[in-house]
Structures are given as C-alpha cells and as structure tokens.
Amino acid sequence: MGSVSLCMFYACLALVAGFASGGPITSCRDTPYPDVCREAVGPIALNGESKAPMSFAKLNVRGALQRASLTRAAAWKIDLRTLDPRARAAWEDCLALAEDTVGQLNRVLDPDVPSSSDDELTWLSAAMTHHETCLEGFRDLGLDSKLASTPFASPNVTRMLANSLAVTSSASVSGAGNRRLLSSRGFPNWVSAADRRLLQSTSVRADVVVAKDGSGNYKTISEAAAAAAKRTGTARFVIYVKAGTYSENVQISAKNVMLLGDGKDKTVVTGSKNVVDGSTTFNSATVAVTGSGFIAKGITFENTAGPAKHQAVAFRSGSDLSVCYQCSFKGYQDTLYVYTQRQFYRDCDIYGTVDFIFGNAAVVIQNCNILLRRPMSNQKNTITAQGRSDKNQNTGISIHNSRVAAAEALGSIRSFLGRPWKEFSRTVFMKCALDGIIDRAGWLEWSGNFALSTLYYGEYLNTGAGAETSGRVKWGGYKVISSATEAGQFTVGNFIGGSSWLGSTGVPFTATL
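Residues numbered from 1 in each chain as written. Predicted model: local features only at pLDDT ≥ 70, side-chain atom pairs only at ≥ 80, totals over all residues. Heavy atoms only, no water.

Turning our eyes to something else, we now look at the environment of Val 36. Tracing the backbone shows Val 36 in helix H2 (residues 34-47). Take Val 36: its relative accessible area is 7%, and that puts it in the buried class. Those residues within four positions of Val 36 in sequence are excluded, and the remaining contacts are Asn 156, Arg 159, Met 160 and Asn 163. (Helix = DSSP H or I, 4+ residues; strand = E, 2+ residues; numbered from the N terminus. Buried < 20%, exposed > 50% of the residue type's maximum accessible area, 1.4 Å probe, protein only. Contact = heavy atoms within 4.5 Å.)

Here is the structure:
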C-alpha cells in the first residue's frame, strides 16, 4: 500500500480502510457474490415487501435479515437436552449470537433509528462477527464435525452479509462526508456532558450500590446488572461497586450502564472459566457487556485460569460507543476481548500472554500500559490478534500513546506486537513506547503465508528499544507509516468517530496524533 500523503482526504480513507473505491455498487453483478445477491434482492423487490422504496443497499440487508432469521428459527428447533455438555455450550452461544445478528440487521433497517453510513457499517460488521463467532465456538471445543450438520454451517448468511458490507461501504466512500471528524473541544461528542461529569467527579451519585458486606443494595454485581435490565427508560444507570473481590461471572445487557469501582486492584471482579474446562472463548468472560453506551471506571477485571488453560477472557465488550477508564484487565491468553462495535480504552492496564487483546471491534486504546506476562514454555507472546474477516468491515485495533513492557521476567520468551487471526486483520501502534522485549521482527505469522498480503499492520513514530523497524517483517501488508495523514485515520476522532460520542463521557483523550 503506497503513501497517501498526496491523496484527497476521503480517497485516502477509502484506501486505508479497505473500502471499495469504484463508486457506489448498484447492481448484483458488482457484488462479491452476484448469485446470492440476486437470490436475496429479486424476491424482495418483486414482492413489494417494503412499504417504502428501499435502496439497493437496504435490499441486500433485508435479504441477509431474512436468511439470518431462517437460520435462527431452525436453530431453536433443536432439543438442547439431547446434546453433550460441549455441544450444548457451543449451541447456546449460537442461539444468543443468532439473536444478536438479527438485532443488528434490524437496527440497520429501522427507519426510526437515525444512522450514518459509518453506523451502518459498524452494525453490519458486528452482524458478520456474531455469525462467525458462533462457528468458532464449535471449533474451540473440537466439534468441527458436528458443526457441518447445523443450520449455522450454510455459507449464505456470511455471503449475504459480505454483499451488504460491500454495497454499504461503496456508498459510504461516495458520500464520505458521513465520516466524523474531531470536535473542537478535544472530546468525541458521543460522550454526553452528564457522562463527562460522572467520569471527572470524585463523588458520583449511584443508582445502586454493591457491597460484599451487605452495606449496599446488593451483594453481587450480577444482581445489580439484573436490576439495570429491569428499569424503565434508558437513562444512565450507575452501579457503584465498593472495594472488594467479587468472584462471579457477570452479564450486562442493559443500555447506558456505568460500573464504578473504588480503583484498580481495589474493586476486583474475578473468574476462571476457560476453553480447556469446556467453555467457548466467547462465554469464558468474567464480565461480558452487550448493552450500548457502557462505561467502566476504577475496576479490575480478571480471569485467573492461567496459561495452561489457554483461552480465558477477563472482559468481553460488544457495547457500541463504550468506554473503559482507569481500569485493569488481567489474564493470560485472550484477556481483553474487544469483540464488536466502537470502543475506547484510556489510562488502563492490560496484562496477558497470547493474543491478549483480540476481537473485531473498531477500538482505540490510548495512554494505557500493555504488560506482558510469562506464557507456557512452548508459547510466544503476541499482544494482538485482530479479527477483521472482510475488507469492508470498518474495524481494527489502534494502540496510541501507550507503553508496552514486561510485567515480570520473561527470560527467553519471544514477544510480538500481533499476528493475523483473520484475513484482513488490521492493527496499528502509534507513538507508543516499546520496550526491548519486542522481537526485532515485530509481528508473527498465524499460519504460514495466511493473510500476510491482505492484512494491514502499521507502526508510526514509536520509541524505545523495541521500536527499531529495520529488522521488521517484509510482508506485503506491513508498513512503517511515514504519513501523518495516513496515521491520522486511526486516531480517536477518525477511526471510531470519536467526535460524535466520546466527549460526553468526560474521559480525557487525545483526538489527533
């Protein structure tokens, strides 16, 4: 990929993001899967299923929705009691993920939900990731042979989603003014003034209090999360968790929840679910968040399964427009699952070994400490494993103004910035301090030549003993970024549309390079 310093701004954005550059796609012959497109769009257009005229992009999304709904309906017909524990675990994930896929597609199509093309690309990217995560759950648990006989194995949902992404992405480039720029205040606008005050204040009025000693409204975070889900309305709901160690697995599905602790390593949520003991990676999270607008401040999220248990998630977020501020994430393999949607992490500590920041969100990690632990003797440390599987997904991991260092003595363990989990994996390190623990090659293969020419890995103005780029990999998709214009596409303001939402949370951030 060549320098974009001479490009017009939005043409550059299209190039860096991987968006289509030939103008809007308006016919099935120009989609990645023309036959699937004709199957999806033809009956809808002819049968007049929409009361109002639909764009070609929305017709493709409607086709994907119909196919995903059929898959969901077929999946619900299985009697889970007939399955062994591992198959049941994978199937239960798929049922939940099928609901999420349908939910994201409905969101794109809902005329009452205001959206930009970037919003729609975010939600379509999430829908594809939900479907793929279902399939990965079976593979996690060694159930590939059983997957083939499930309704999830049909490729048509993935292909229809790929078509929808391609058409929506092509329209996004032609109308690139939808891409959000920075606010003059230096905070993305998607963080409301009220949320800013919450994050900046030293005394916050909580809606409920969690305390192990019984001095609050609840003794567990899960009980408070359930109360948030039952409330009426979607106003910000603050759960204050007093200092203490809470051993539980927490699911937060409600919108606009704030989890407020007494500080890193004072308020700790801990669990130990893992793949070796029968959980899917997706369902191993100590804390999992799905409701949009989530905020966490002053909490440690931990998975204590250890390196020998392999995948074991401390925190999983699929929360759109979410923020974690002054938090700590502790685990080994797969610590922080930046699963889907738009996310921001500031002033956090992230500990791990293998692929410990992974997923397919559009995420910026800023002013954080990334701390490598000691893995098993036969393993190498890899900080990131980004999961972008389609070139039109607006996802990736951007690590900015952060420090990479060892949390403990690593001995001869080799450590790398990342490896390509999926074909279009995208990760950048910008203006980071990289200690000498980073291998000269910088990045590690996933499997042979897989994705080495289709990934996008970049480094921009990093410092420290591990930042020397002369010995870096020579892959087609890797580059030392020399253009501030190109690097700027991965900042808070541009990459996660931060100017439209972060300012209201009150989390301090650097919107530009």
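So, next bit.
Once that is clear, we can look at helix H9 (residues 221-230). When we look at burial in H9, the residues that qualify are Ile 221, Ala 224, Ala 225, Ala 227 and Ala 228. Down the axis of H9, the sector holding all buried residues measures 155°, keeping them to one side. In this fold, the buried residues of H9 make contact with strand S1 (208-210), strand S2 (237-241), strand S3 (244-247), strand S4 (250-252), strand S5 (257-260) and strand S6 (267-271). (Arc of directions from axis to C-beta.)

Contact geometry of helix H4 (residues 85-109) with helix H5 (residues 117-140) gives a least axis separation of 9 Å together with a crossing angle of 165°. Judged by the angle between their axes, H4 and H5 are roughly antiparallel. As for the relative orientation of H4 and H5, their crossing is left-handed in sense. Along its contact with H4, which presents Ala 90, Trp 91, Cys 94, Leu 97, Asp 100, Thr 101, Gln 104, Leu 105, Arg 107 and Val 108, the element H5 presents Glu 120, Trp 123, Leu 124, Ala 126, Ala 127, His 130, His 131, Thr 133, Cys 134, Gly 137 and Phe 138. (Axes fitted to C-alpha atoms, helices over the stretch in contact; angles between N-to-C directions. Parallel < 35°, antiparallel > 145°, perpendicular 65-115°, else oblique. Left-handed = near helix turned anticlockwise from the far one by under 90°.)

Per the stated rule, a full pass over the model turns up two disulfides. At a sulfur-sulfur separation of 2.1 Å, the disulfide partner of Cys 28 is Cys 37. Taking the sign of the torsion about the S-S bond as the criterion, the disulfide between Cys 28 and Cys 37, at about -65°, is left-handed. Take Cys 28 and Cys 37: they sit in the same class, and that class is buried. The partner cysteine of Cys 94 in its disulfide is Cys 134, sulfur to sulfur 2.0 Å. A torsion of 95° about the S-S bond marks the disulfide between Cys 94 and Cys 134 as right-handed. Of this pair, Cys 94 sits in helix H4 while Cys 134 sits in helix H5; the two residues are 40 residues apart in sequence, bridging distant segments of the chain. Given a relative accessible area of 1%, Cys 94 falls into the buried group. We classify Cys 134 as buried; its relative accessible area is 2%. Residue Cys 432 stays outside any disulfide, its sulfur separated by 9.5 Å from that of Cys 368, the closest cysteine. (Disulfide = S-S within 2.5 Å.)

Looking along a regular strand, one sees the side chains alternate between the two faces of the sheet. The buried fraction of strand S19 (residues 381-386) amounts to six of the six residues, a majority that puts the element mostly inside the structure. As judged from the four bridges shared by strand S16 (residues 354-359) and S19, these two strands associate in the parallel manner. Its bridge partner lying in S19, Ile 357 is registered against Thr 384. Taken together, the three bridges between S19 and strand S22 (residues 415-418) define a ladder with parallel strand orientation. In the sheet register, Thr 382 faces S22, and the bridge partner there is Phe 416. (Pairing = 2+ DSSP bridges.)

Turning to the sheet that holds strand S21 (residues 403-406), a few remarks are in order. As summarised here, the arrangement of the eight strands in space is S3-S6-S9-S12-S15-S18-S21-S24, forming an open sheet in which the pairing is parallel. Each edge of the open sheet is held by one strand with a lone partner, namely S3 and strand S24 (433-434). Where strand S18 (residues 369-372) meets S21, four bridges bridge the pair, whose relative direction is parallel. Paired with Leu 371 across the two strands is Ala 405, which belongs to S21.

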